[in-house]
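Each chain is listed here by its residues.
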Amino acid sequence: LTLNIFITSSPIHAQRSNSESLPKKPAGETTWMQDFMGKLKHKQAVDLRAAIKQFLESVNSGSINPTELPIAVRDFLAAMQDKIAAHPLWKGATAEELENAAEGMEKFIMLRLWGKAFSPTPEDTKKDQALDLRMRAFHSILTNTR
């Protein structure tokens, strides 16, 4: 399982303008996501990595129905949150640190499932096309009645 992620290349992250910059962190200080990824890469986290790999493989193999995917992801993240809270790498962690770890896990998983989780099914595409036709019809009625 490769743990390299590129959050900034994700379609869920908006581009920032030059005038809008992130606050600078002091040298040597890490973000909570970096802390999470560092712990996930630690040799003691082999059990967490194995669970992640197994879940991602089950989703990518098609053994989880796309309509059941949101429930499967929710259940997996809840189970992982419990595993993290009980894991030696997070021993003595504050509630905020555990919350950050849960959010990090969600980001990690959802970046890998982006295409499966948010790609339309053929049925969704048909519904979208029908809705688009109705909206165009209403638009033409509303713009012609002036």
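The rules behind the values
- Residues numbered from 1 in each chain as written.
- Predicted model: local features only at pLDDT ≥ 70, side-chain atom pairs only at ≥ 80, totals over all residues.
- Heavy atoms only, no water.
- Helix = DSSP H or I, 4+ residues; strand = E, 2+ residues; numbered from the N terminus.
- Buried < 20%, exposed > 50% of the residue type's maximum accessible area, 1.4 Å probe, protein only.
- Contact = heavy atoms within 4.5 Å.
- Areas by Shrake-Rupley, 256 points an atom, 1.4 Å probe, with all protein chains shown as cover.
- Patch = residues over 30% accessible without salt bridge, like charges linked within 9 Å, V, L, I, M, F, W, Y side chains within 5 Å.
- Salt bridge = Lys/Arg side-chain N within 4 Å of Asp/Glu carboxyl O.
- Axes fitted to C-alpha atoms, helices over the stretch in contact; angles between N-to-C directions.
- Parallel < 35°, antiparallel > 145°, perpendicular 65-115°, else oblique.
- Left-handed = near helix turned anticlockwise from the far one by under 90°.
- Nonpolar A, V, L, I, M, F, W, Y, C, P; charged D, E, K, R; others polar.

Visitor: Could you give an account of the overall build of the protein chain, naming the residues involved and the relevant values?
Guide: Looking only at helices and strands, one finds 5 helices and 0 strands in the protein chain. Beginning at the N terminus, the succession of helices and strands in the protein chain can be written as α-α-α-α-α. The buried share of the protein chain, reckoned over its 146 residues, is 24%. For the protein chain, the share of sequence-separated contacts (at least 6 apart) that also reach a separation of at least 24 residues comes to 74%. By element, 54% of the accessible surface of the protein chain is carried by carbon and sulfur atoms, the whole surface being about 10800 Å².

Visitor: Quick one: what's the story with a nonpolar patch on the surface, residue by residue and with numbers?
Guide: On the surface, Phe138, Ile141 and Leu142 cluster together to form a nonpolar patch covering roughly 340 Å² of accessible area. Within the secondary structure, Leu142 sits in helix 5 (residues 122-144).

Visitor: Could you give an account of the packing of helix 3 (residues 69-86) against helix 4 (residues 95-118), with specific residues and numbers?
Guide: Relative orientation of the contacting elements helix 3 and helix 4 amounts to 150°, with a least axis distance of 10 Å. Classified by the angle between their axes, helix 3 and helix 4 sit roughly antiparallel to one another. In this structure, the crossing between helix 3 and helix 4 has a hand that is right-handed. Each of Leu69, Val73, Phe76, Leu77, Met80, Gln81, Ile84 and Ala85 in helix 3 lies in contact with helix 4, whose residues at this interface are Leu98, Ala101, Ala102, Met105, Glu106, Ile109, Met110, Leu113, Lys116 and Ala117. Taken together, the residues that form the contact of helix 3 with helix 4 break down as 15 nonpolar, 1 polar and 2 charged.

Visitor: Give a detailed account of the environment of Pro70, specifying residues and quantitative values.
Guide: Along the chain, Pro70 turns up in helix 3. For Pro70, a relative accessible area of 57% translates into the label exposed.

In short, shape yes, function no, at least from these values alone.
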